[in-house]
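Observations on the model geometry
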Protein chains: 2
Amino acid sequence: MVQILRLPVAIMLISACVWAFDSVPTPSTPAPNLLPLPASMRAYSGGLKLDGSFTVATTRASDARLERAIQRFQQRLGAKIGTAVQFGLVSDANAAKMTVQCGAASPNVPELGEDESYSLEVDARHTTLTANRVIGALRGLETLLQLVEADGNGYLLRAVSIQDKPRFTWRGLMIDVSRHWQPVAVVKRNIDGLATVKMNVFHWHLTDDQGFRIESKRFPKLQEMGSDGLYYTQEQVREVIEYAADRGVRIVPEFDMPGHTTSWFVGYPALASGPGPYQIERKFGIFDPAMDPTREETYTFLDGFLGEMAQLFPDQYVHIGGDENNGKQWLANPQIREFMTEHQLRDTAALQAYFTGRVLKILQKHGKKMAGWDEILTADLPKDVVVQSWRGTQSLADGAKQGYSGILSQPYYFDHMAPADFFYTNDPLPANSDITPEQAARVLGGESCAWSEFLSPENIDSRIWPRNAALAERLWSQRDVNNVADMYRRLERVSVGLEQDGLTHISAKNRMLRQVTGMPVPEAVSILGEVASPFGIADRQKIRQENALTPLTRMSDTVIPDPPFRTHFADLVVQLLSDAPAFSAQQAVLSRQFQQWQTLGQSFAKVEATAPILSDSEAKVRDLEQLGSAGLQALQYLQTKTGPPPEWRSASLGLIDHAEMPDDSVLRFPWLFSYRALILAAANVDGLKATTPERWKEQVMREAAAQEPKAKYTW
Amino acid sequence: MVQILRLPVAIMLISACVWAFDSVPTPSTPAPNLLPLPASMRAYSGGLKLDGSFTVATTRASDARLERAIQRFQQRLGAKIGTAVQFGLVSDANAAKMTVQCGAASPNVPELGEDESYSLEVDARHTTLTANRVIGALRGLETLLQLVEADGNGYLLRAVSIQDKPRFTWRGLMIDVSRHWQPVAVVKRNIDGLATVKMNVFHWHLTDDQGFRIESKRFPKLQEMGSDGLYYTQEQVREVIEYAADRGVRIVPEFDMPGHTTSWFVGYPALASGPGPYQIERKFGIFDPAMDPTREETYTFLDGFLGEMAQLFPDQYVHIGGDENNGKQWLANPQIREFMTEHQLRDTAALQAYFTGRVLKILQKHGKKMAGWDEILTADLPKDVVVQSWRGTQSLADGAKQGYSGILSQPYYFDHMAPADFFYTNDPLPANSDITPEQAARVLGGESCAWSEFLSPENIDSRIWPRNAALAERLWSQRDVNNVADMYRRLERVSVGLEQDGLTHISAKNRMLRQVTGMPVPEAVSILGEVASPFGIADRQKIRQENALTPLTRMSDTVIPDPPFRTHFADLVVQLLSDAPAFSAQQAVLSRQFQQWQTLGQSFAKVEATAPILSDSEAKVRDLEQLGSAGLQALQYLQTKTGPPPEWRSASLGLIDHAEMPDDSVLRFPWLFSYRALILAAANVDGLKATTPERWKEQVMREAAAQEPKAKYTW
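What this report covers is the structure whose coordinates are included nearby. (Residues numbered from 1 in each chain as written. Chains lettered and ligands numbered in written order. Predicted model: local features only at pLDDT ≥ 70, side-chain atom pairs only at ≥ 80, totals over all residues. Heavy atoms only, no water.)

Positionally, A270(A) belongs in the loop between helix 8 (262-267) and helix 9 (296-312). Separated by 22 residues in the primary sequence, A270(A) and D292(A) place their C-alpha atoms 8.4 Å from one another. (Helix = DSSP H or I, 4+ residues; strand = E, 2+ residues; numbered from the N terminus.)

Have a look at this one:
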């Protein structure tokens, strides 16, 4: 429920309030730029003036974490308005401009299922943030920062009345730090991002074939031999845990096993099912090495290691992976085959279930619950296990029916390069789901996954953000908050705000484009960089031979998924076609754009001569040139209302088909849908005589949609 | 000596080399973009092809540090060319494309005065890097990365023959992390920057009135009460030291005393000369609190603390500051006055000399030498003390005459916002210096200083870089390497390269401009951001009341010193005036620029309505509008060769005078010299009839220079 109230109602709601006189609402008062949208909000025009006199007091419960959060809030608020607000708390709550009223402290380290609800009342005189627990207050502080607006007299906190709480209790982001190492700074700034959009779990995928990224004091050869020296010390881990806890974010560590474990075996080959020796895996994919589930020494080791980790990580849950063990090493080992026969384990899945059961006992001994990927569900597991579904909604629902709690992940894989609306429109609990409310309650939420085959510290943020914010709203807000256009409108603002605390998802592109050429970005490179996005991992791996040592500095690593140009270009085309039969709206803008493309080749070639790293993009630039020419022709046909010859239509559609194809550049033009609509409009311009402009446009858009190749954004 | 050789000579030099046949040099072959320029270089056209087959071997001495450096080199090389080169060393030196020949390992932690020389031979078949010591090889690897170029067939290492060594042995950067906290990541990326331009000292100003930034285990209240929780743990310090050592950079810690010590006294008030209690200082300036030099307990404490630090920091030198103690607290304390009388110390300078002498003994006991600011020279000190001169070249020379070693700092203060050429043209040993060669040898080099009154982690890099690279060349290259235009040409390339390893000096501006408005940067803000630079600290502190809590997010904190627009605009004006009497060169470009300025106000006002943080810049935008109008008129007068009425001249010069004045925005237009030349040219256009265009232009430029207000870039 989001409302912008006009004056009479506002007066009724906060009668006798000075605010009601100060602020005359206008019909143009827009809704606040909140993301995620709260469960319930009334917004008014005007608000509380923000300047150096802004003071904060707490009443009722408080703790050191809340006080630190308020100080960060004050610094971020000051940074936004360019003036320091009073730092720290004032003692006189009656005189303070803002009071924070918490019912009770929360656990110092956040836990699954805490009460994150809060409410906010902002008027021209005062702001009240109320929460049952401190963690709810943390969420409310983030909302307040999104309520900073301006009127003719300066900055203000927008007047609102908000009651808010999350729809799902597990709202996470997973980062794989194994395939490509990500320093502490990357982790921290992403945790800041999570807090900003009210997500509450950072799932740390710490080990995999390509690197063992955490210090074990008991088994130091794990990191010493399995990480190329790139791992987190335990002190750093504690620092990150504390940092996340301060922001209301849980840290769930993952130690993937029994497969995805090559890096463990470099230092401890006896853990493996095959003879070794082992080296850190440089390639990507599914590999044979797996822990030997038949030797007691394996469990002794895991008891020691997981015991150490259980001490280090305070969260209830430890994630043990469990995915993609191909069983080959097991079947190749006669002793393991013998063990399977002996224990009547008829296949490797059954053997893995045995392994999972043993590991579960170890975790329980150390006071932990288990989380794992879909595959762990083959074991006879207690109901407090959390299953993370990479197989999708149906697998998640099936688990819930069996009584297991689960979280959804597969549609939220960043590496398929889906646009934000794909994340936004995939609900963990689709409206048409056939599960009961009781089963539905077991769907705890979801997690986006940043698998890091192609993620460097330079480009990782741009693969996660701002798309992750769209998912944040999906997981926090109600199911019926689903207006894609409105989400994109708010996402643009929130995306800029996310860089305030250190994320680099916007700035990275130009920074990397400069590195590509070694100079201030030439226009030709800038144009290509604006219109291209990277193909997803499935296409990329078909085309390129890459591994963990391949530099991630080419155009494909630089351009961003879901670039603003996609929606911008779509707007231009829709406006042009909606202006039938004049076709003058945005005609000039489109024409300039196409002219730029049409002549791109020569200037690009000049840059390429000094920066051969760009040579993989040559074919895409040629595509753009031809799309530019055909686009200009299309505008011409529309202007003159003269249908082109049929060969033009097929030739132009052929250009699009060619441009859709992944090549060595793995650059994609994610706006070809709108471009195709333009071509079809020009090809069908004669049809305008036979129907209304409105119907004609609909017909064109329908045809374009029918021709759009199905994008595949999951495995 | 920098030469580009043509073919015949090249053949003589590397006769019978395949390269001589492969590469046909052309007259346009430019000099490599090296910075700093080497002591001696011959450059040839062509070079060694770079691709995945590029391999490295070491012969003679090697060590783990060299091997890590080679691996980093390989990764950075791969990133530049978009293709992984073979990682690690190959054993067959004869088959390797590159061999590194070191005479001997260097100390694991760098020391003052090491042999940093190296030589490089690159031809079409092979690269040889030779150095007496590993540290010289580190320098040579950086040169190699700057030799990556491209020809029509791909990337290559430019063919060169280089013998290189530094002119000065102490080439440093100081960062003040007290007035504004800078996280480890900021320190590390700046150390990367130092290594890239062959600087070798990071001077860590760890303590000051506004914050005590290092963990003491013996005296934990120092950091616990004196830092707002913002300090480096000893583990982090060790990590930084190791990181720097790997890159051939010394870490010299500074513990400023006896003044600039307020933050020490919050936890340990008994150290102070006044009664206390003390709080962390939030203001900037010179404050009264100073250690009590008369109590033995002070020296017991310092013995404990400096002993602990001497263990932590491996460098020979510990910097004890010593600057700006105003003596007020000493004179206000009767016991201290009594002590002075008793010990025949006639003023506070004498008392400080006593203190310095005591501290020196403590350092010596712990095996360290002393460094300090100018003021320490009042004590009777041994000759191995290093004096850091903030008072300038003369003070440095005076010290050298007395037998003291010294380094120059004052002209290298970043906070005065001088352009890079100011750093570049200030030599620690000016050609006209009257000191003997023996005394000159005591001038060890210099250090730039990043005092952090107005430095946040967001904008600090843009205040240090790329200007620091100009200083790096001043300190490494010979005195006669002093062509400013050529330095700027190379600086542009090196500046882009410096961002590769994490510095943010280029990308920060747009990132911060987005934060200013909360949206993608509007054009009006972008235009202002491009032409403005910040005024220096002297003007800023006169105008604004700011302290350590003031947000650094206004335009003044965002725009960069020495923006490329300054030299760009100067080029445009010179080209226009050199085209007298036609005045057509660049006329159109200038005209478009001035039109943009002329109409800036309205669009800026619209942005300002949503981002009141911009309101301080309103007056500067009005200045730009008027300069735009007058600029257009000037172009008109030049075109028509009709002199304007005399009031136009004075009115236009009046606009410039107004625009020169610092206002609340503290934004400066650093290109007004060129703009004034344009106005004077228009005003004097009639003079063209009386003389040659060349003489006329010289006259105009001379007049502009005469009217230029003297910029003051030092205290």
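Residue and element names in this part refer to chain B. Three or more residues of helix 13 (residues 393-402) are buried, namely L396, A397, G399 and A400. Along the axis of helix 13, the buried positions cluster into a sector of 160 degrees, meaning they face one direction only. Contacts made by the buried residues of helix 13 are with strand 15 (386-389), strand 16 (405-408), helix 15 (437-440) and strand 17 (443-450). One or two positions beyond helix 13, positive phi appears at G403, with a value near 105 degrees. (Buried < 20%, exposed > 50% of the residue type's maximum accessible area, 1.4 Å probe, protein only. Arc of directions from axis to C-beta. Contact = heavy atoms within 4.5 Å.)

What follows deals with the packing of aromatic side chains. Residues and elements named next belong to chain A. Counted according to the given criterion, the structure contains 74 aromatic pairs over all chains. An aromatic cluster is present here, built from W181, F202, W204, F212, Y232, F255, W264, F305 and F313 joined pairwise through their rings. Just above the ring of Y268 sits the side chain of K221; from NZ or CZ to the centre is 5.2 Å. (Phe/Tyr/Trp six-rings, centres within 6.5 Å; stacked < 30°, edge-to-face > 60°. Lys NZ or Arg CZ within 6 Å of the ring centre and 35° of its normal.)

Attention now goes to the pairing of strand 8 (residues 154-164) of chain B. Residue and element names in this part refer to chain B. Counting buried residues along strand 8, 10 of its 11 residues qualify, which places the element largely inside the surrounding structure. Both strand 2 (residues 40-49) and strand 8 contribute to a ladder of seven bridges, which runs antiparallel. The residue of strand 8 that forms the bridge with A43 is V160. One ladder, built from five bridges, connects strand 5 (residues 118-122) with strand 8; its direction is antiparallel. Bridge pairing in strand 8 links L120 to I162. Across four bridges, the pairing between strand 7 (residues 148-151) and strand 8 is antiparallel. Opposite V148, over in strand 8, you have L157 as the bridge partner. (Pairing = 2+ DSSP bridges.)

Mapping chain A onto chain B leaves a residual RMSD of 0.0 Å; the transformation is a rotation of 180 degrees accompanied by 0.0 Å of translation along its axis. The transformation just described matches what one would write down for a two-fold rotation axis. Scanning chain A for the C-alpha nearest the rotation axis identifies S507(A), at a separation of 3.1 Å. (Least-squares fit on C-alpha atoms with pLDDT ≥ 70 in both.)

All names here are of chain A. With 12 residues, helix 24 (residues 587-598) should reach 16 Å at 1.5 Å per residue; the first-to-last C-alpha distance of 16 Å fits that figure. All of the buried residues along helix 24 are L590, S591, Q593, F594 and W597. Angularly, the buried residues of helix 24 cover 160 degrees about the axis, an arc narrow enough to put them on a single face. Where helix 24 is buried, its residues touch helix 20 (523-531), helix 23 (564-578), helix 25 (600-610), helix 26 (618-640) and helix 28 (672-683). (Expected span 1.5 Å × (residues − 1).)

This paragraph deals with the interface of chain A and chain B. Chain A puts 44 residues into the contact, and the matching count from chain B is 44 residues. Both sides of the chain A and chain B interface together cover about 3,400 Å² of buried area, and 55% of this is carbon and sulfur. Ranking the residues of chain A by area buried against chain B places V496(A), R511(A) and Q515(A) at the top, with a combined share of 17%. Here chain A is connected to chain B by four salt bridges. Applying the counting criterion to the chain A and chain B interface returns 16 residue pairs in polar contact (both at pLDDT 80 or more). (Buried area = accessible area lost by both parts, 1.4 Å probe. Salt bridge = Lys/Arg side-chain N within 4 Å of Asp/Glu carboxyl O. Polar contact = N/O pair within 3.5 Å; in protein donor to acceptor, adjacent residues only side chain to side chain.)

All names here are of chain B. Their axes nearest at 10 Å, the elements helix 26 (residues 618-640) and helix 27 (residues 646-660) cross at an angle of 150 degrees. Helix 27 is crossed by helix 26, and the crossing has left-handed handedness. Contacts from K620, D623, Q626, L627, A630, Q633, A634 and Y637 of helix 26 reach helix 27 at W648, S652, L655, I656, H658 and A659. (Axes fitted to C-alpha atoms, helices over the stretch in contact; angles between N-to-C directions. Left-handed = near helix turned anticlockwise from the far one by under 90°.)

With that settled, consider unusual backbone geometry. Only a minority of non-glycine residues have a phi that is not negative, and only a minority of peptide bonds are not trans. Of the consecutive residues W465(A) and P466(A), the connecting peptide bond is found in the cis state with omega at 0 degrees. Turning to its location among the elements, P466(A) is positioned in the loop between helix 16 (460-464) and helix 17 (467-476). With an omega of 0 degrees, the peptide bond between G276(B) and P277(B) qualifies as cis. The residue P277(B) is located in the loop between helix 8 (262-267) and helix 9 (296-312) in this model. Even without a glycine there, the phi angle at K198(A) is positive, about 65 degrees. On the secondary structure map, K198(A) appears in the loop between helix 5 (184-196) and strand 10 (201-208).

All names here are of chain A. Relative to the helices and strands, R540 is located in helix 21 (residues 537-543). On the accessibility criterion, R540 (3% relative accessible area) is buried. Only 2.8 Å separates the side chain of R540 from the side chain of E546, close enough to count as a polar contact. A distance of 2.9 Å separates polar atoms of two side chains, one belonging to R540 and the other to D557. Ignoring sequence-local partners within four residues, the contact set of R540 consists of F454, E546, L552, S556, D557 and V666.

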